[in-house]
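# What the coordinates show
One-letter residues, chain by chain:
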Amino acid sequence: MIRLKYFEVYRTAAVILISLAIAFIIISLVSSQPVETIRIFLFEPLSTLSRMGNVVEMAIPLMFTGLSVSLLFKTNMFNLGAEGIFYISGIVAAILAIHLSMNGIMHPIVAIGAGSIVGALLSAIPGYLKAKWNANELVTSLMFNSIFFGIGLYLLNYHLRDAKAFSNVSYKFAETAQLDKIMPGTRLHTGLIIVLVLIVLAHYFMYRTKWGYELRMTGANREFAGYSGMKTAKVIILVHLIAGFIAGMGGSVEVLGMYNRFQWTALPGYGLDGALVAMLAKNNPLSVIGASLFLAYIRIGADLMARLSDVPSEMISIIQAVIILLISAEQFLKFWKNRMLLKEAKLHE
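My aim in this report is to walk through the structure given alongside it, one point at a time. These numbers come from a predicted model, not from an experiment. Each chain has its residues counted from 1, running along the sequence as written. A pLDDT threshold of at least 70 governs which residues receive local features in this predicted model, and a stricter bar of 80 or more applies before side-chain atom pairs are shown or counted, although totals over entire chains, interfaces and linings include all residues. Note that water and hydrogens are dropped before the side-chain values are worked out from all heavy atoms of the structure.

### A look at the overall build of the protein chain
Strands are runs of DSSP state E lasting at least 2 residues, helices are runs of H or I lasting at least 4, and numbering of each runs from the N terminus. Within the protein chain one finds 15 helices and zero strands. Its C-alpha radius of gyration of 22 Å places the protein chain within 12% of the 20 Å reference for a compact globule of 349 residues. Counting only C-alpha atoms and orienting by the principal axes, one finds that the protein chain spans roughly 75 × 65 × 35 Å. To sort residues, take the accessible area from a 1.4 Å probe on protein chains only and compare it with the maximum for the residue type: under 20% means buried, over 50% means exposed, and anything in between is partly exposed. Taking all 349 residues of the protein chain together, the buried fraction comes to 48%. In what follows, a contact means two residues having at least one pair of non-hydrogen atoms within 4.5 Å. Contacts in the protein chain between residues far apart in sequence, at least 24 positions, make up 76% of those at least 6 positions apart. Using the Shrake-Rupley algorithm and a 1.4 Å probe, accessible areas are obtained, with residue cover drawn only from the displayed protein chains. As presented, the protein chain carries roughly 16900 Å² of accessible surface, and 66% of it is formed by carbon and sulfur atoms. Radius of gyration here uses only the C-alpha atoms, and the compact-globule reference equals 2.2 Å multiplied by the residue count raised to the power 0.38.

Rendered as structure tokens:
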């Protein structure tokens, strides 16, 4: 029973190993020093405190969006709206960081809180459309990504842009709005603590509360949940509110933790990466931590590989593509699962 219970863990591990093996084969074919290149890719991210810090820094926004998307996926909502919400919430936090005057404790709290609330309200729109009229959440969320990006870019260009700067960036944030660093020699900030607490709370909510149970049952079978007396429309709107709040908090934290100006002139991509993290984590909030660190690690490794060897960093795209293909392939290793089921059945005969 234990082996069958952890089948998805084995399956995910197999996907990762196969992806890395394919990457190593390609590296061996294109690099003049394949052994050294693979060493750089695997071990250089751990070579200094600064580089280890870079891995965790990159993992923080992935944890936020991965957690947000995993809640939606658990409810069987294929919503990719975290991308636009991450961006527009960062704009909201930047506006308050520039124009609001407060002390160093309340300023980031207010800015992040505002970005989170805006994210929740905006995320509720496709949720309401899905619950009320069964509108396809994938289509509406992707549409809103473009809308939010357009609004955010307009605000940056015409209301926040610092004319004295030599690039398309906002005015500088007030120092009181920026998040504190928590480890000398790195850019790690208090956003790490925030997201870890949020992950624990999300896990408790999903597996220890009535609302979490209804969320999971709605995802498993919405019609059955409705026949059981669950108000599935409210569940769908609720999970969109929570997911939007988390994604909005992620965008606000990333802007105030890593920058002193708002400088995203394109969607940062963390929302779509969150979908990959959620798939790797099998929509389990606690597993989002490991999935985010893994994705951040291989990206930092790929970047170092591009700078220190003759293999371009685009290699990471191959690894991600293989992971997505195998994770999404329902038949991958299904024969193994069937064999495990047969063995379990024989044991109970």
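After that view, the rundown keeps rolling.
### Let's talk about helix 7 (residues 137-160)
Considered for burial, the residues of helix 7 that qualify are Glu137, Thr140, Ser141, Phe144, Asn145, Phe148, Gly152, Leu156 and Leu160. Packed against the buried residues of helix 7 are helix 5 (82-99) and helix 6 (106-133). N or O atoms closer than or at 3.5 Å make up a polar contact, with two conditions inside protein: a donor-capable atom paired with an acceptor-capable one, and, for residues adjacent in sequence, both atoms drawn from side chains. Where helix 7 starts, the residue carrying a side-chain oxygen 2.9 Å from the main-chain nitrogen of Leu138 turns out to be Asn136.

### Side note on the packing of helix 4 (residues 49-74) against helix 13 (residues 287-308)
Each axis is a line fitted through C-alpha atoms, and for a helix only the stretch in contact is used; angles between axes span 0 to 180 degrees, taken between their N-to-C directions. The N-to-C vectors of helix 4 and helix 13 enclose an angle of 135 degrees; their axes lie 7 Å apart at closest approach. By the criterion of interaxial angle, the relationship of helix 4 to helix 13 is oblique. In this structure, helix 4 meets helix 13 at a crossing whose hand is right-handed. Mapping the contact onto sequence places Arg51, Asn54, Val55, Val56, Met58, Ala59, Leu62, Met63, Gly66, Leu67 and Ser70 in helix 4 and Val288, Ile289, Ser292, Leu293, Leu295, Ala296, Tyr297, Arg299, Ile300, Leu304 and Leu308 in helix 13. An angle below 35 degrees is treated as roughly parallel, one above 145 as roughly antiparallel, one from 65 to 115 as roughly perpendicular, and anything else as oblique. Crossings are sorted by hand: turned counterclockwise from the far helix by less than a right angle, the near helix makes the crossing left-handed, and turned clockwise it makes it right-handed.

### Thoughts on empty space enclosed by the protein
A cavity here means a set of points on a 1 Å grid, drawn over the protein atoms and nothing else, where a 1.4 Å probe fits but cannot get out; a pocket is an open set with protein on both sides within 12 Å along at least five of seven lines, and a residue lines either one if it has an atom within 4 Å of a point. Grid points are joined across faces, edges and corners, and a volume is the space filled by probe spheres set on the points. Summed over all chains, the structure comprises two cavities of 30 Å³ or more. In this model, the largest cavity occupies a volume close to 50 Å³. Asn79, Gly81, Ile85, Ser123, Pro126, Ser141, Phe144, Asn145 and Phe148 are the residues that line the largest cavity. Breaking the lining of the largest cavity down by element, the ones donating at least two residues are helix 6 and helix 7. Considering each element in turn, the lining of the largest cavity owes the most residues, four residues, to helix 7. Its residues assigned to classes, the lining of the largest cavity shows four nonpolar, five polar and no charged. Here the second largest cavity defines a volume of roughly 40 Å³. For the lining of the second largest cavity, the leading source of residues is helix 11 (residues 232-258), giving three residues. As a working rule, the residues Ala, Val, Leu, Ile, Met, Phe, Trp, Tyr, Cys and Pro are called nonpolar, Asp, Glu, Lys and Arg charged, and the rest polar, with Gly in that last group. Here the residues of the lining of the second largest cavity sort into five nonpolar, five polar and no charged.

### Thoughts on helix 4
Here the expected length of a helix is defined as 1.5 Å per residue gap, with one fewer gap than residues. The terminal C-alpha atoms of helix 4, which comprises 26 residues, lie 36 Å apart, in line with the 38 Å expected from a rise of 1.5 Å per residue. Note that the bend at a residue is defined as the angle between axes fitted to the seven residues ending at it and the seven residues starting at it. The axis of helix 4 is deflected most strongly, by about 25 degrees, at Ile60, and proline Pro61 appears within four residues downstream.

### Notes on the packing of aromatic side chains
In summary, the pairing rule links any two rings of Phe, Tyr or Trp, Trp by its six-membered ring, whose centres are within 6.5 Å, and it sorts them by plane angle into stacked for under 30 degrees, edge-to-face for over 60 and tilted for everything else. This model, assessed by the stated rule, comprises 12 aromatic pairs. Between Phe73 and Phe78 the ring centres are 5.1 Å apart and the planes differ by 5 degrees, which places this aromatic pair in the stacked class. Phe73 gets classed as buried once you look at its relative accessible area, which sits at 14%. Note on Tyr154 and Tyr158: the rings are 5.2 Å apart at their centroids and 35 degrees apart in plane angle, and the pair reads as tilted. With Tyr154 and Tyr158 both in helix 7, this residue pair falls four residues apart, about one helical turn. A relative accessible area of 44% means that Tyr154 is categorised as partly exposed.

### What to know about the environment of Arg216
One can find Arg216 in helix 9 (residues 210-220). Arg216 sits 145 residues away from Leu71 along the chain, and the two C-alpha atoms are 9.1 Å apart. With residues up to four places along the chain from it excluded, the contact list for Arg216 reads Lys74, Met206 and Tyr207.

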